[in-house]
Structures are given as C-alpha cells and as structure tokens.
Amino acid sequence: RRNVAAMAEKAALAALGVKEAPKDTGPKFSSEAEDIMKSLSDLLKKKRLRASDLFKKIDASGDGNVTGAELQAGLAELGFKMSDSDLASIMSVIDKDGGGEVSVKEFD
C-alpha cells in the first residue's frame, strides 16, 4: 500500500514536470510542497487539463512566463485556492532558476 502511494505521488509530480532529485543527492521537497503538488495534480486530472494547458490558461500577460501572482490567481479560478505560504512552497519547487517567474520550460 505504501508503494502505491509513493508511485502515485511520483506520477503526480511527473505530470507537473517536477522531477525529484535522487534520494542520496540534493534536497527533497518538503512534505508541504509534495502535498500541494499532489492536490494540484489531482485537480488537473479532474479538470482534464495538462500542465502545459494550465500554463497557457494562467499566463495572463502572454509573455511565456508565469509570476507567482498569476499562478495563484489562475489556480484560484480553477477552484484551487492557496495561501501565500503554499504559493512559496510550490514556487520553490517549480521555479528552478529562482527568478521569481516560471517559464514554460520550467513548468512543463
């Protein structure tokens, strides 16, 4: 049962384009970030959206980058409301270069 949960979590992260570092090198995602990403993945499945489709939908400026504010607002429109600390957790995972915005490449 535990393996099934681990596989589901890995699939959820992969669906969002997030690749976990090998266990013996690099940091692990916080359990808070993992929980949020799992919930987001579940929402995407429920809405039948791919991560790239979601990105296009929430890229309000159309510049190919999503700010934290755009991400938070776009997800809220889908019914996925999150606190500022939840947003910070997600951004720490998907904003791979730490620039404060997420590019299509980072998101997908």
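Note that the coordinates shown come from a computational prediction; the quantities given were computed from them, not determined experimentally. (Residues numbered from 1 in each chain as written. Predicted model: local features only at pLDDT ≥ 70, side-chain atom pairs only at ≥ 80, totals over all residues. Heavy atoms only, no water.)

Structural notes on the overall build of the chain
Threshold: Strands are runs of DSSP state E lasting at least 2 residues, helices are runs of H or I lasting at least 4, and numbering of each runs from the N terminus. Buried residues are those whose accessible area, probed at 1.4 Å on protein chains only, stays under 20% of the maximum for their type, while exposed residues exceed 50% and partly exposed ones sit between those limits. A contact between two residues is defined here by any heavy atoms of the two lying within 4.5 Å. The Shrake-Rupley method, run with a 1.4 Å probe, gives the accessible areas here. Residue values count only the displayed protein chains as cover.
Counting its regular elements, the chain contains six helices and two strands. For the chain, the residues scored as buried account for 37% of the 108 residues in total. Long-range contacts, defined as pairs at least 24 residues apart, comprise 52% of the intrachain contacts of the chain with a sequence gap of at least 6. In the form shown here, the chain has an accessible surface area of approximately 6800 Å², with 53% of it arising from carbon and sulfur atoms.

Digging into the confidence of the model for the chain
Residues shown with low pLDDT carry predicted positions that ought not to be read at fine detail. Quick note on the threshold: What pLDDT expresses is the predictor's confidence in each residue, scored from 0 to 100.
For the chain, per-residue confidence averages 79 on the pLDDT scale, and residues scoring 70 or more make up 73% of the total. Taking the mean pLDDT of every element in the chain, the minimum, 65, falls on helix α1 (residues 2–15) and the maximum, 92, on strand β1 (residues 65–67).

A word on the environment of serine 85
Defined as follows: In protein, a polar contact means a hydrogen-donor-capable atom and an acceptor-capable atom, both N or O and within 3.5 Å, with residues adjacent in sequence counting only if both atoms are side-chain atoms; elsewhere, any N or O pair within 3.5 Å suffices.
When you line up the elements, serine 85 lands in helix α5 (residues 84–94). In sequence terms serine 85 and glutamate 32 are 53 residues apart; their C-alpha atoms lie 9.7 Å from each other. Within the structure, serine 85 has its side chain in polar contact with the side chain of serine 83 (distance 3.0 Å).

Considering the nonpolar core
Test applied: Residue types Ala, Val, Leu, Ile, Met, Phe, Trp, Tyr and Cys, when buried and joined through side-chain atoms within 4.5 Å, form a set referred to as a nonpolar core.
Among the nonpolar cores identified, the biggest contains 23 residues, and Leu54, Leu71, Leu75, Ile94 and Phe107 are the most heavily contacted of them. Among the elements of the structure, α2 (31–47), α3 (51–58), α4 (68–77) and α5 are those that each provide at least two residues to this core. Sorting elements by how many residues they give to this core places α2 first, with six residues. Ignoring sequence-local partners within four residues, the contact set of leucine 71 consists of Ile58, Val66, Met82, Leu87, Ile90, Met91, Ile94 and Phe107.

Examining the pattern of salt bridges
We count it as follows: Salt bridge criterion: a side-chain nitrogen from Lys or Arg within 4 Å of a carboxyl oxygen from Asp or Glu.
Within this structure, the stated rule accounts for two salt bridges. Measuring nitrogen to oxygen at the nearest pair gives 3.0 Å for the salt bridge that ties aspartate 42 to lysine 38. Note that aspartate 42 and lysine 38 are positioned in helix α2 at a spacing of four residues, about one turn of the helix. A salt bridge links arginine 50 to aspartate 53; the nearest nitrogen and oxygen atoms lie 3.2 Å apart. Overall, the relative accessible area of 26% leaves aspartate 53 in the partly exposed class.

Notes on unusual backbone geometry
One non-glycine residue with positive phi stands out, namely arginine 48, at about 55°. Counting through the fold element by element, arginine 48 comes out in the loop between α2 and α3.

A look at the environment of isoleucine 36
Mapped onto the secondary structure, isoleucine 36 falls in helix α2. Along the backbone, isoleucine 36 and methionine 82 are 46 residues apart, and their C-alpha atoms lie at a distance of 8.8 Å. Residues in contact with isoleucine 36, not counting those within four places in the same chain, are Phe80, Asp86, Ser89 and Ile90.

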